[in-house]
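Each chain, letter by letter, is given below.
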Amino acid sequence: MAAASGGLRLCWWRRPPPAAGLGCGARTFSGSGRAAAAAVRAEELAERLRARRREEEEEKKKRESSTNGVLFSPQIPTDPAQRRVRELAMLSKQLQQVHPNVLAKVLKQGTVYQNEEIVVINKPYGLPVHGGPGIKNCIADVLPILAKMLQNMKAEPLHLCHRLDKETTGVMVLARSKEAAERIRLLFKTRQVEKIYWAISLGDPDPAEGIVEIPIVEKEVQSHQSHYKMTLAPNYRLSPEDGKVVKIRKNRNAESAVTRYRLLASSSACSLLELQPITGVKHQIRVHLAYGLGCPILGDHKYSHWSKLAPQKLPEITLKRLKLEQSKARHLPLHLHAHRLSLPLGERLDLVCKPPLFFEKTLKKLRLDVPDD
């Protein structure tokens, strides 16, 4: 028995006796000669074993990079930007897998305001408000648990007053009673609630401040991978003959949509925008920015193209500042945050939520200065 380098133990058997007819020309090793030969062979086998392990590790890395890359690879990326993207995706995935009690606790920790009528939370990224196919956890399902955590075991379940998209973060109002929920829903419906969003967009809007007032309709996109998107349904077009503005027949399925916007900062081929949706059409801000102003939201891969589902194409300066490769851009999260909500409940309540950490780090990397509130 001889010990190989690296702590591996290798077993050796005696050499067979010399074959008949070899005579004195064939002899066995003895003493120090036999030990030296065994040590040489042990070292050769150990080196082969180390080489095989290296090959297996390289093959494992190739398999990981050829599947889902940075998001689901067990290897921790060395690049800070890719690491943050991975952490955010893993957090979103974990929120779908945790026990409802754990999710309710996460929402409780994100509580920014509460009184006898309402509870205001800072909605996390990647958490849907309502359930649906493939959704295990959502905010609506854990409202009874959250109510008990905030008040007492006999607390009435909390009630949704409005909704935010799965990828949108920020101010979300919950009511402690059905009566309060109905009253707040009516305030939203009659446009008495002032909503202020922040978004990081690609490009600068021209002009820097204004109102987009273009109806929105849902349409099926005919391509190699058919899908549905919200899009603009304008009431006017330019005449091809003389270039004059001509009124056209209104699409009866289109909904009126109005968004006020203002440029807060600009750098690295990106902008920080303040947005006030006057109406509440599905994906209104995303559509008005992408198709109305030509400034899609950073990480909005759905509305950065029309005819295809593909990752957002980022300018070189943006990729450089984010320390990100274009091939990894598909993992960028949507940078849309419900920053402030003004609610007229007796006295007007101004409810503010700070942007999530990934949003703040992107602002810093792109050198976009956040204005003082």
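Quantities reported herein were computed from a predicted structural model and do not represent experimental measurements.

A. Highlighting the packing of aromatic side chains. In the structure shown here, the tally under the stated rule is three aromatic pairs. Between Tyr 291 and Tyr 303, the ring centres sit 6.0 Å apart and the planes meet at 75°, which makes this aromatic pair edge-to-face. Of this pair, Tyr 291 sits in helix 6 (residues 284-292) while Tyr 303 sits in the loop between helix 6 and helix 7 (316-322), and the two are twelve residues apart along the sequence. Owing to a relative accessible area of 25%, Tyr 291 belongs among the partly exposed residues under this scheme. Summarising the aromatic geometry, the rings of Tyr 291 and Trp 306 are spaced 6.1 Å apart at their centres and angled 80° between planes, so their arrangement reads as edge-to-face. Within this pair, whereas Tyr 291 is found in helix 6, its partner Trp 306 is found in the loop between helix 6 and helix 7, the two being separated by 15 residues in sequence. A residue is classified by how much of its surface remains accessible, and Trp 306, at 33% relative accessible area, is partly exposed. Taken together through their ring pairs, the aromatic side chains of Tyr 291, Tyr 303 and Trp 306 make up a single cluster.

B. The arrangement of the nonpolar core in detail. Membership of the largest hydrophobic core comes to 31 residues, with the highest contact counts inside it found for Ile 139, Leu 158, Leu 174 and Leu 275. Only helix 3 (100-109), strand 4 (118-123), helix 4 (139-150), strand 6 (169-175), strand 7 (194-202), strand 14 (270-277), helix 6 and strand 15 (336-345) provide two or more residues apiece to this core. Top contributing element to this core by residue count: helix 4, with six residues. In this structure, this core is formed jointly by two domains, domain 1 (79-190) and domain 2 (192-366), each of which donates at least three residues. Here Leu 275 is in contact with Lys 195, Ile 196, Tyr 197, Ala 199, Thr 259, Arg 260, Tyr 261, Ile 285 and Leu 289, once residues within four sequence places are set aside. Grouped together as the second largest cluster of nonpolar side chains are 20 residues, Tyr 125, Trp 198, Leu 272 and Leu 314 included.

C. Molecular detail of helix 8 (residues 357-366). Among all positions of helix 8, only Phe 358, Phe 359, Thr 362, Leu 363, Lys 365 and Leu 366 are buried. Taken down its axis, helix 8 places every buried residue within 165° of arc, on the same side. Across helix 8 from its buried face, at more than 90 degrees, point the exposed residues Leu 357 and Lys 364. Where helix 8 ends, the next residue or the one after it, Arg 367, has phi of about 60°, a positive value.

Criteria and thresholds
Residues numbered from 1 in each chain as written. Predicted model: local features only at pLDDT ≥ 70, side-chain atom pairs only at ≥ 80, totals over all residues. Heavy atoms only, no water. Phe/Tyr/Trp six-rings, centres within 6.5 Å; stacked < 30°, edge-to-face > 60°. Helix = DSSP H or I, 4+ residues; strand = E, 2+ residues; numbered from the N terminus. Buried < 20%, exposed > 50% of the residue type's maximum accessible area, 1.4 Å probe, protein only. Core = buried A, V, L, I, M, F, W, Y, C linked by side-chain atoms within 4.5 Å. Domains from an automatic or database assignment. Contact = heavy atoms within 4.5 Å. Arc of directions from axis to C-beta.

Spatial relationships are all this shows, so hold off on functional conclusions.
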